[in-house]
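Commentary on secondary and tertiary structure
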Amino acid sequence: MDNSAESCLTTQLRTNLGEVRNRIAIACRRAGRHPDSVRLVAVTKYSPVSVVEALWSLGEREFGESRPQQLIERAQALNPEICWHQIGRLQRNKVRAVLPYAKWIHSVDSTRLLERISEIAGELSVRPKVLLQVNVSGEPSKQGFAPDELKLLPEAVWSLPHVEIAGLMTMAPDTDELAIIRQVFLGLRRIRSEMQSQGHSLPELSMGMSHDFEIAIEEGATMIRLGSILFEGCD
Ligand SMILES: *Cc1c(COP(=O)(O)O)cnc(C)c1O
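Scope of this entry: the structure provided in the associated data block. This one's a predicted model, so the numbers in the text were calculated from it and none came from an experiment.

Before going further, it helps to examine the pattern of salt bridges. It is possible for side chains of opposite charge to pair when their charged atoms get near one another. Evaluated as defined, the whole model comprises 15 salt bridges. Within this structure, Arg30, Arg182, Arg189, Glu218 and Glu219 form a network of salt bridges that share partners.

Counting buried positions along strand S1 (residues 39-43) gives four out of five residues, so the element sits mostly inside the fold. Where S1 meets strand S8 (residues 223-226), four bridges bridge the pair, whose relative direction is parallel. Residue pairing across strands places Arg39 opposite Met223, the latter belonging to S8. Considered for its hand, the β-α-β crossover made up of S1, helix H2 (residues 49-57) and strand S2 (residues 62-65) is right-handed.

Time to look at the environment of Gln70. Mapped onto the secondary structure, Gln70 falls in helix H3 (residues 68-77). As for Gln70 and Met171, which are separated by 101 residues in sequence, their C-alpha atoms are 21 Å apart. Beyond its immediate sequence surroundings of up to four residues, Gln70 is in contact with Thr44, Lys45, Ser47 and Glu65. Here the side chain of Gln70 touches Lys45 through a polar contact of 3.1 Å, landing on its backbone oxygen.

Further remarks concern helix H8 (residues 178-197). Relative to the 28 Å expected for 20 residues at 1.5 Å per residue, H8 spans 29 Å between its end C-alpha atoms, a close match to the ideal helical length. Turning to H8, its buried residues number three or more, namely Ile181, Val184, Phe185, Leu186, Gly187, Leu188, Ile191, Arg192 and Met195. Against helix H6 (147-151), helix H7 (155-158), strand S6 (164-169), strand S7 (204-206) and helix H9 (213-218) lie the buried residues of H8. Once H8 ends, the next one or two residues include Gly199, with phi positive near 100 degrees.

Below, the discussion takes up the state of the cysteines. The tally for this structure, following the rule as stated, stands at zero disulfides. Free cysteine Cys83: the closest other cysteine sulfur is in Cys28, separated by 19 Å. Classification of Cys83 by relative accessible area gives buried; the value is 11%.

Near the ligand the following residues occur: Lys45, Ile87, Met171, Met209, Ser210, Arg225, Leu226, Gly227 and Ser228. Lys45 places a side-chain nitrogen or oxygen 2.7 Å from an oxygen atom of the ligand. Between the ligand and Ser228, the relevant distance is 2.8 Å, taken from an oxygen atom to a main-chain nitrogen or oxygen of the residue. Protein contacts shield 86% of the accessible area of the ligand, which totals 390 Å² for the unbound molecule. Judged by its atoms lying within 2 Å of the grid points, the ligand is housed in the largest pocket. Along the lines of polarity and charge, the residues of the shell around the ligand split into four nonpolar, three polar and two charged.

To continue, consider unusual backbone geometry. For Ser125, which is not glycine, the phi torsion reads 55 degrees and is therefore positive. For Leu202, which is not glycine, the phi dihedral falls at a positive 45 degrees. Considering the arrangement of structural elements, one finds Leu202 in the loop between H8 and S7.

Taking 1.5 Å as the rise per residue, helix H5 (residues 111-124) with 14 residues should run 20 Å; its terminal C-alpha atoms sit 20 Å apart, in good agreement. If you check which residues of H5 are buried, you get Leu113, Leu114, Ile117, Ser118, Ile120 and Ala121. For H5, the elements touching its buried residues are helix H4 (95-98), strand S4 (102-108), strand S5 (129-133), H7 and S6. Ser125 sits one or two residues past H5 and shows a positive phi near 55 degrees.

Conventions and cut-offs
- In every chain, residue numbers begin from 1 and rise along the written sequence.
- Note on the predicted model: pLDDT of at least 70 is required for a residue's local features to be given, and 80 or more for side-chain atom pairs to be given and counted; whole-chain, interface and lining totals, by contrast, use all residues.
- Side-chain measures here rest on the full set of heavy atoms in the structure, leaving out hydrogens and waters.
- Just to be clear on terms, a salt bridge is a Lys or Arg side-chain nitrogen sitting within 4 Å of an Asp or Glu carboxyl oxygen.
- To sort residues, take the accessible area from a 1.4 Å probe on protein chains only and compare it with the maximum for the residue type: under 20% means buried, over 50% means exposed, and anything in between is partly exposed.
- A run of DSSP states H or I qualifies as a helix once it reaches four residues; a run of E qualifies as a strand once it reaches two. Both are numbered from the N-terminal end.
- Pairing between strands requires that DSSP locate at least two bridges from one strand to the other.
- By convention, a crossover is right-handed whenever its connection, traced from the first strand over the helix to the second and viewed with the strands pointing away, goes clockwise.
- The criterion used for residue contact is that any of the two residues' heavy atoms lie within 4.5 Å.
- Each polar contact in these results corresponds to two N or O atoms within 3.5 Å; when the atoms are within protein, one needs to be able to donate a hydrogen and the other to accept it, and residues that are neighboring in sequence are counted only if both atoms are side-chain atoms.
- A helix is expected to span 1.5 Å for every residue after the first.
- Cysteine sulfur atoms are paired as a disulfide whenever they fall within 2.5 Å.
- Proximity criterion: a residue is near a molecule or strand once any of its heavy atoms comes within 4 Å of it.
- Areas reported here follow the Shrake-Rupley algorithm with a probe of radius 1.4 Å; residue values treat only the protein chains shown as occluding.
- With a 1 Å grid laid over protein atoms only, a set of points is called a cavity when a 1.4 Å probe fits there but cannot get out and a pocket when it is open yet has protein on both sides within 12 Å along at least five of seven lines; lining residues have an atom within 4 Å of a point.
- Pocket occupancy is defined atom-wise: a molecule lies in a cavity or pocket when more than half of its atoms are within 2 Å of its grid points.
- In this classification, the charged set is Asp, Glu, Lys and Arg, the nonpolar set is Ala, Val, Leu, Ile, Met, Phe, Trp, Tyr, Cys and Pro, and all remaining amino acids, among them Gly, are polar.

In structure tokens, the structure reads:
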């Protein structure tokens, strides 16, 4: 392995991480929040394993993958203490394979998937934390529960035994109009409030990516999923 290239990668990642952590802290201060109230999930879906290892050496412990197969392969090959987050679409036929490795699943977009996760988790004696993905913007191209659908979920779904429904997740529309993005994040927080008034605690809000994480923090994100911004200059 080329050591100079390796350390160059680590140096660049350290710089990027430092800048991102700084921006998280500033956004938290603006919002009157403690920086520890925002968890950074490093999204490594387009990055080689060397990047995951370098981030680990810099103290990152939470990693997000979009494709279950890549999450599984990396979890098997890398440090077992890494906390893996399945952030991309999960098909029901991949649940059994991914559950031994994914502590978090951000992308639960149907009751059938949730029931499947609980069933398999019971068999495997695990209890994943899951987030219900909500299609706040209503774009047909987006996955997730419609807000009204969420409000009508039967109690039996909320009390499935082998999953912990820890919160909600959403994706902002792909637009430069910050007001639209903010509206979506605010929308997720409001849906959470309504759910809370029905007795569901839902402490986590997973929202915010490289281009909009500061807005997400201002609107209450507890988990931000960052990919490209961490890897700038790392080719
Ligand atoms: C790729 C991806 C991200 C990270 O996106 P960036 O814009 O690179 O920060 C976050 N969440 C999900 C669900 C993704 O698929």
